[in-house]
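Analysis of the macromolecular model
Given next are the chains, with one letter for each unit.
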Amino acid sequence: MLALTAGLHFQSATSISSADYYGREEGSGGGGGGGGGGGMSTDFDANELVNKLAYQARQDAAQLKSMASTAGRKITNLASNFMKDLQGGY
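Residues numbered from 1 in each chain as written. Predicted model: local features only at pLDDT ≥ 70, side-chain atom pairs only at ≥ 80, totals over all residues. Heavy atoms only, no water.

**Considerations on the overall build of the protein**
What the protein contains, in helices and strands, is three helices and zero strands. The linear arrangement of helices and strands in the protein, starting from the amino end, is α-α-α. Buried residues in the protein amount to 3% of all 90 residues. (Helix = DSSP H or I, 4+ residues; strand = E, 2+ residues; numbered from the N terminus. Buried < 20%, exposed > 50% of the residue type's maximum accessible area, 1.4 Å probe, protein only.)

Right under this line is the structure:
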């Protein structure tokens, strides 16, 4: 029903904003990216996001280091066994 009413209301409009469609007032607060309360909460959310991303990056780097170390040990063992095989020592 809302879509039908909105369709009739904006029949001649060339473009509409979501604020127009849902009947919200556009003000100076919020804006962009789902905006919310005000500048402080957005700054806090951005800071929190950066901290979470940094933490995840550290976790990923530690995991990558561990995987590289394990791969290095396996390659070393493989090379060692290969050299033993070439020398005839089983």
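**Some remarks on the pattern of salt bridges**
In the structure shown here, the tally under the stated rule is one salt bridge. Its salt-bridge partner being Lys52, residue Glu48 comes within 3.3 Å of it at the nearest N-O pair. With Glu48 and Lys52 both in helix α3 (residues 39–87) and four residues apart, this pair spans about one turn of that helix. (Salt bridge = Lys/Arg side-chain N within 4 Å of Asp/Glu carboxyl O.)

**Quick look at the environment of Ser69**
Considering the arrangement of structural elements, one finds Ser69 in helix α3. Judged by relative accessible area, which is 36%, Ser69 ranks as partly exposed. Side chain to side chain, Ser69 and Arg73 meet in a polar contact 2.9 Å long. (Polar contact = N/O pair within 3.5 Å; in protein donor to acceptor, adjacent residues only side chain to side chain.)

**What to know about a nonpolar patch on the surface**
A surface patch of nonpolar side chains, about 330 Å² in accessible area, is lined by Phe82, Met83 and Leu86. With respect to the secondary-structure elements, Met83 resides in helix α3. (Patch = residues over 30% accessible without salt bridge, like charges linked within 9 Å, V, L, I, M, F, W, Y side chains within 5 Å. Areas by Shrake-Rupley, 256 points an atom, 1.4 Å probe, with all protein chains shown as cover.)

**Some thoughts on the confidence of the model for the protein**
For the protein, mean pLDDT is 78; residues scoring 70 or higher make up 67% of the total. Within the protein, helix α1 (residues 2–9) has the poorest average pLDDT of any element, 57, and α3 the best, 90. (pLDDT = per-residue confidence, 0-100.)

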